[in-house]
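# Geometric and topological summary
Okay, here's what each chain looks like letter by letter:
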Amino acid sequence: MFQAIVSASTLRDALDSVSVLVDECKIRLNEDELAIRAVDPANVGMVDLTLDAAAFESYEADGGVIGVNLSRLEDIAGMANTGDLVHLELDEETRKLHIQIEGLSYTLALIDPDSIRQEPDIPDLDLPATIVVEGTHLDRGIKAADMVSDHIGLRVDEADETFHIEAEGDTDDVDLELGRDDLIDLSAGPADSLFSLDYLKDMNKAIPSDAEVTVELGEEFPVKLHYEFGEGMGHVTYMLAPRIQSD
Amino acid sequence: MRLDDYIEFEANERAERRRLAMEKSYAIVDHLESFQHRFDERVQGDSLFGSVSPSIFVGRANYPNVSTGILSPVGFESDAASFETSGAWYDEGVGIEDVFRRRTSLLNSNQPADVKVGADTNVHDAWDGFLGVQREVAIADRPVSVEIGLDGAPEIDFDVGRDDVATPTGPRARAQSADLAENPHVPRPVKKTLEDDDWQAQGAMTYLYRRGFDVYDINSVLSAGALGESASRRLVPTRWSITAVDDTVGQYLRGTVRDAPSVDSVQVWRNEYLGNAFWVILAPGQWEYELVEMKAPGSIWNPDPESGMWLSSDREGFEGRTQYVDETAGAYYAARLGVLEHLSNIGRQAKVLVVRHVSDDYWGPVGVWQVRESVRHAFEGEHGESETFADAVREVSNLLPVSMADLRRKSAMVAGLQTNLTDFGVGSSDDD
């Protein structure tokens, strides 16, 4: 059983954060939250999303799992205006999701969840540095790096207590230095890793610019990015595997 | 030798090579004159001549109103097959001059055509006349006897382009007519792809490859518009079709190793041909590929001897790429094909860095087949192994004309290899 009403913007934020990595996913309709966990086909980027029941106007679910084609669902959500409410109801008999937006009805055929890639487990990585940064700063660093390269360095200078977003291109270099004053919080530790911009750009697209992003970082280790949306009732964690120098 | 003496010596060497290259071009011009003689001997009466045609050529200028032609080695009919670009050229060890000689011996008798042929008829239905004969030549598995009526004398303008994909071309003449002088032999699988007009081009190309046709054969079939869904069939400029086939077959091969285990050591393979050296570094991990090209001052695309080494690169990750490459053009897909054929053969995947060093001995572009065959044949004989990818790159870079720092800036793989989350204990237990 699943029946919910949610604002179009909250639904879109949730779907966007997942669709940057995968085309289809399982959605867990837990009693107290909606949850999605997915890893991209190359096993390089992962997303873990939860949207609390309180983020919905109304929410009733009993722990079922559905499989959806994300771009289809995003297209439908895109039909709504920002303030519109989206009604979602699962038809258990036909395994279809009925969606209603301001008089528009759409019946979405679901995908067998067993045919979708298994959800990953999140390992307990001990990442030595934590940086809390405004979404706009992250966005600025990523945009600048993208001008010169297709990979990006994230680094903490422990002595100066600064966070660096860096890129080395064919001829040009970019370095966005963020000190304690620019950051919301910094817990310095040895941290210096290189990432593919293809992935980070996509993840960045889903991060609202007014979000606070918590970056957990290590040395040649995956990065974790956490942020919230939907007035703090939606939670996203991204994890991205680094590019490493094998020496 | 002291360093400054050495530098001067090197500069003199370069000047000498340029002079030789010029001479080689003059040799080609001489050759074209001899073509004129042979041609005059062959042409009967009203510009009608008989020859044997091994292949076709579709130009890309003015697309979609292209010039489409039948190539014939006038005066060398008995040896016509050797004039068709193929992997055999590598086995034969042809030199740059040989390539130019062969290509410029081919008369391109052409007609203008819309790539879709007409508003009502598409390529698929155009069986008659010049296009029909052209297609027969393209799909036949051996040179075909033809009679061609020309509209005037051939134009002999020799212009060495800087095109890295298509081979250089020779004399051209506008054709009035073309007729088959024999019933061409067409292999059964090619007939099948020709006749099935409900079969998407990519699938049909892959089918031919799996049936043992090399990319050279598939390229002419595609170029003549002889496969694909009927409404989509059209003439494909030779240059585009070469890369389309390399890309399509490469994607198929990449699929065959997608779930394969990885190579278990870091291997360095090398080959050198026609002034181009190729280093292929394979490292354990899931598929990732990059081509880095360094073009020496004085080589064909970087003619100014005073300019520095010209670097270009393109890459793809596990999922491949959707956009055409920015910097390395057809060489990217040709080298990738050679690498993927090897990996598919051994049933492994790998992280693959290909470094192409074009020296100033490469004075004329012979076509991208040179890249394809050099990489294909790089995996013969011995190879080197090293502990890590970084070690391999460092050792190779000692023999390259660029610093490690410049290489790191140009190459994403040298800067760092993409890991996946499984390497860090993220358990997604199924990988299918």
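Quick caveat: nothing in here was measured; it's all calculated off a predicted structure. (Residues numbered from 1 in each chain as written. Chains lettered and ligands numbered in written order. Predicted model: local features only at pLDDT ≥ 70, side-chain atom pairs only at ≥ 80, totals over all residues.)

### What to know about the overall build of chain B
- Looking only at helices and strands, chain B features 13 helices and 13 strands.
- Within chain B, the fraction of its 432 residues that count as buried is 47%.
- In chain B, the share of contacts with a sequence separation of at least 24, taken over all contacts with a separation of at least 6, comes to 76%. (Helix = DSSP H or I, 4+ residues; strand = E, 2+ residues; numbered from the N terminus. Buried ≥ 20, exposed ≤ 12 C-beta atoms within 10 Å, placed from the backbone. Contact = placed C-beta atoms within 7 Å.)

### Describing the sheet that holds strand E12 (residues 384–386) of chain B
Residue and element names in this part refer to chain B.
- On the basis of which strands lie adjacent, the open sheet formed by six strands has the order E10-E9-E11-E8-E7-E12 and mixed pairing. At either margin of the open sheet sits one strand with a lone partner, and together these are strand E10 (310–316) and E12. The sheet shows a mean angle of 15 degrees between the axes of neighbouring strands, taken without regard to direction.
- Where strand E8 (residues 276–283) meets strand E11 (residues 351–358), eight bridges bridge the pair, whose relative direction is antiparallel. Residue pairing in the sheet places alanine 277 in a bridge with histidine 357 of E11.
- Its contacts with the sheet put helix H9 (residues 329–346) on E8, strand E9 (288–295), E10 and E11, and the angle it makes with E9 is roughly 125 degrees. (Pairing = 2+ DSSP bridges. Axes fitted to C-alpha atoms, helices over the stretch in contact; angles between N-to-C directions.)

### So, the domain arrangement of chain B
Residues and elements named next belong to chain B.
- Partitioning chain B into structural domains gives domain 1 (21–187), domain 2 (189–256) and domain 3 (259–424).
- Its C-alpha centre places domain 2 at a distance of 26 Å from the equivalent point of domain 3.
- Tallying the contact residues gives 11 residues for domain 2 and 11 residues for domain 3.
- Take the side of domain 2 that touches domain 3: its biggest share by element is 10 residues, from helix H8 (residues 238–257).
- Among the residues forming the side of domain 2 that touches domain 3, the class breakdown is four nonpolar, four polar and three charged. (Domains from an automatic or database assignment. Nonpolar A, V, L, I, M, F, W, Y, C, P; charged D, E, K, R; others polar.)

### Observations regarding the UniProt feature "domain: Proliferating cell nuclear antigen PCNA C-terminal" (unreviewed entry) in chain A
- UniProt's feature table lists "domain: Proliferating cell nuclear antigen PCNA C-terminal" (unreviewed entry) at residues 122–242 of chain A, given in the numbering used throughout.
- Measuring from the first to the last C-alpha atom of residues 122–242 of chain A gives 16 Å, for a span that is 20% helix and 45% strand. (UniProt positions renumbered as here; feature names shortened; annotations may be inferred.)

### Some words on the UniProt feature "domain: Archaeal Nre C-terminal" (unreviewed entry) in chain B
- What UniProt calls "domain: Archaeal Nre C-terminal" (unreviewed entry) maps, in this numbering, to residues 316–424 of chain B.
- Along residues 316–424 of chain B the backbone is 45% helical and 13% strand, and the end-to-end C-alpha distance reaches 22 Å.

### Some points on the packing of H9(B) against helix H10 (residues 369–378) of chain B
Residue and element names in this part refer to chain B.
- Running from N to C, H9 and H10 cross one another at 25 degrees; their axes reach a closest spacing of 8 Å. In terms of orientation, H9 and H10 fall into the roughly parallel class. By crossing handedness, the relation of H9 to H10 is classed as right-handed. Here H9 contributes Ala331, Ala334, Ala335, Leu337, Gly338, Val339 and Glu341 to the contact with H10, which in turn contributes Val371, Arg372, Val375 and Arg376.
- Of the residues assigned to the contact of H9 with H10, the class counts are seven nonpolar, one polar and three charged. (Parallel < 35°, antiparallel > 145°, perpendicular 65-115°, else oblique. Left-handed = near helix turned anticlockwise from the far one by under 90°.)

### Description of the domain arrangement of chain A
Residue and element names in this part refer to chain A.
- Taken domain by domain, chain A comprises domain 1 (2–114) and domain 2 (129–240).
- Just the C-alpha atoms count here: the centres of domain 1 and domain 2 sit 28 Å apart.
- For the side of domain 1 that touches domain 2, the secondary structure elements donating two or more residues are helix H1 (8–19) and strand E4 (45–52).
- Looking at side-chain class alone, the side of domain 1 that touches domain 2 contains nine nonpolar, four polar and four charged residues.

### Comments concerning helix H6 (residues 201–210) of chain B
Residue and element names in this part refer to chain B.
- Among the residues of H6, those classed as buried are Ala201, Ala204, Met205, Leu208 and Tyr209. Viewed along the axis of H6, the buried residues span an arc of 140 degrees, placing them on a single side of the element.
- Residues of H6 that are buried make contact with helix H5 (188–195), helix H7 (215–223) and H8.
- Glycine 212 lies just past H6 and shows a positive phi near 95 degrees. (Arc of directions from axis to C-beta.)

### Description of H1(A)
All names here are of chain A.
- Over its 12 residues, H1 extends 16 Å from the first C-alpha to the last, a length consistent with the 16 Å expected when each residue adds 1.5 Å.
- For H1, the buried fraction is high: 10 of the 12 residues fall into the buried class.
- Of all the residues in H1, the buried ones are Ala8, Thr10, Leu11, Arg12, Asp13, Ala14, Leu15, Ser17, Val18 and Ser19. (Expected span 1.5 Å × (residues − 1).)

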